[in-house]
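Coordinate inspection notes
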Amino acid sequence: SAVISQKPSRDICQRGTSLTIQCQVDSQVTMMFWYRQQPGQSLTLIATANQGSEATYESGFVIDKFPISRPNLTFSTLTVSNMSPEDSSIYLCSVRHRGGDTQYFGPGTRLTVL
Amino acid sequence: SQQGEEDPQALSIQEGENATMNCSYKTSINNLQWYRQNSGRGLVHLILIRSNEREKHSGRLRVTLDTSKKSSSLLITASRAADTASYFCATSYQGAQKLVFGQGTRLTINP
């Protein structure tokens, strides 16, 4: 298993500002992912966070809007830039160990943009 | 879209009854995972079933997989109020690293 923490757990932000979400894992993991869950919806993958290189973004998501860092095997950040009310969502960090199939999720960050 | 579909979208039953949720997907998978989410919090991993498996059990949970029909079901027996949550299936497609989620089933257990 993996114990994942996210900071902040929730935030209320003003339109046009940016927020950086941190994800910390208690063990070294191969794969780290960032998901978005809009109100009442399912989860959508934003990007795969790659250690030491640029993240791999899914269709509809771009680096300028969602810059991601992953400096090592246990830590990643997701920034939501130039926020609008449409960015109000839960953002979840997810990890998978090398050679493992099970994917674990953090507690999520609930973001409200006014 | 590769996203799976779940049904029903919402299910309300009495405590003690069994709850069955279904998930369908579109292409060949490596595995299928079921998760629970309470009140918009993080996802709790329930069970993983691989493409070469047909059934798995974990406590009061039973998961089946029918690759010929591209479908899976999650059965919760003897439901409890604490089982009230949203349940999601997620598939790992062959040749891909990511999980693709279904729309989820919102389960309510009435005392």
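Look a little higher up for the structure.
So, here is what we can say about the structure in this document.

Reading the values: rules and limits
- Residues numbered from 1 in each chain as written.
- Chains lettered and ligands numbered in written order.
- Predicted model: local features only at pLDDT ≥ 70, side-chain atom pairs only at ≥ 80, totals over all residues.
- Heavy atoms only, no water.
- Helix = DSSP H or I, 4+ residues; strand = E, 2+ residues; numbered from the N terminus.
- Rg over C-alpha atoms; globule rule 2.2 N^0.38 Å.
- Buried < 20%, exposed > 50% of the residue type's maximum accessible area, 1.4 Å probe, protein only.
- Contact = heavy atoms within 4.5 Å.
- Areas by Shrake-Rupley, 256 points an atom, 1.4 Å probe, with all protein chains shown as cover.
- Pairing = 2+ DSSP bridges.
- Axes fitted to C-alpha atoms, helices over the stretch in contact; angles between N-to-C directions.
- Buried area = accessible area lost by both parts, 1.4 Å probe.
- Salt bridge = Lys/Arg side-chain N within 4 Å of Asp/Glu carboxyl O.
- Polar contact = N/O pair within 3.5 Å; in protein donor to acceptor, adjacent residues only side chain to side chain.
- Disulfide = S-S within 2.5 Å.

The next point concerns the overall build of chain B. Looking only at helices and strands, chain B has zero helices and 11 strands in total. Its helices and strands taken in sequence order, chain B reads β-β-β-β-β-β-β-β-β-β-β from the N to the C terminus. Scaling as 2.2 N^0.38, a compact globule of 111 residues should have a C-alpha radius of gyration of about 13 Å, and chain B matches this with 13 Å. Overall, the C-alpha framework of chain B stretches about 45 × 25 × 20 Å when taken along its three principal axes. Per-residue burial over chain B gives 43% buried out of 111 residues. Nonlocal contacts in chain B, meaning residues at least 24 apart in sequence, comprise 56% of its contacts between residues at least 6 apart. If you sum the accessible surface of chain B, you get close to 5,300 Å²; carbon and sulfur atoms cover 42% of it.

Residue and element names in this part refer to chain B. Spatially, five strands are ordered S1-S3-S8-S7-S6 in an open sheet, and the strand pairing comes out antiparallel. In this open sheet, the two strands that pair with only one neighbour each are strand S1 (5-7) and strand S6 (55-58). With strand direction ignored, the average angle separating the axes of adjacent strands in the sheet is 15°. Examined bridge by bridge, S6 and strand S7 (residues 61-66) share four bridges and lie antiparallel to one another. Within the sheet, the bridge partner assigned to Ser-58 lies in S7 and is Leu-61.

The next thing to look at is the interface of chain A and chain B. Of the residues lining the interface, 19 residues belong to chain A; the matching set on chain B comes to 20 residues. Of the roughly 1,500 Å² buried between chain A and chain B on both sides combined, carbon and sulfur atoms contribute 48%. Here chain A and chain B share two salt bridges between them. In this structure, the salt-bridge partner of Lys-98 of chain B is Glu-58 of chain A, at a minimum N-O distance of 2.5 Å. Here chain A is connected to chain B by nine residue pairs in polar contact (both at pLDDT 80 or more).

Turning next to the state of the cysteines. Tallied over the full model, the rule gives two disulfides over all chains. Between the sulfur of Cys-23 of chain A and that of Cys-93 of chain A lies a disulfide, 1.9 Å long from S to S. A torsion of -65° about the S-S bond marks the disulfide between Cys-23 of chain A and Cys-93 of chain A as left-handed. Of this pair, Cys-23 of chain A sits in strand S3 (residues 19-25) while Cys-93 of chain A sits in strand S9 (residues 89-96), placing them 70 residues apart in sequence. Judged on exposure class, the residue Cys-23 of chain A and its partner Cys-93 of chain A are both buried. One disulfide bridge connects Cys-23 of chain B with Cys-89 of chain B, the sulfur atoms lying 2.0 Å from each other. Handedness of the Cys-23 of chain B-Cys-89 of chain B disulfide follows from its S-S torsion of about 70°: it is right-handed. Here Cys-23 of chain B is found in strand S3 (residues 19-24), whereas its partner Cys-89 of chain B is found in strand S9 (residues 85-93), with 66 residues between them in sequence. Note on accessibility: Cys-23 of chain B and Cys-89 of chain B belong to one class, buried.

Let us now look at the pattern of salt bridges. When the charged atoms of two side chains with opposite charge come close together, those side chains can pair. What the rule picks out here adds up to five salt bridges over all chains. We note a salt bridge from Arg-50 of chain B to Asp-101 of chain A, for which the minimum N-O separation is 2.9 Å. Of this pair, Arg-50 of chain B sits in strand S5 (residues 43-50) while Asp-101 of chain A sits in the loop between S9 and strand S10 (104-105), on two different chains. The exposure class assigned to Arg-50 of chain B is partly exposed, which follows from its relative accessible area of 35%. Asp-101 of chain A sits in the partly exposed class, given a relative accessible area of 28%.

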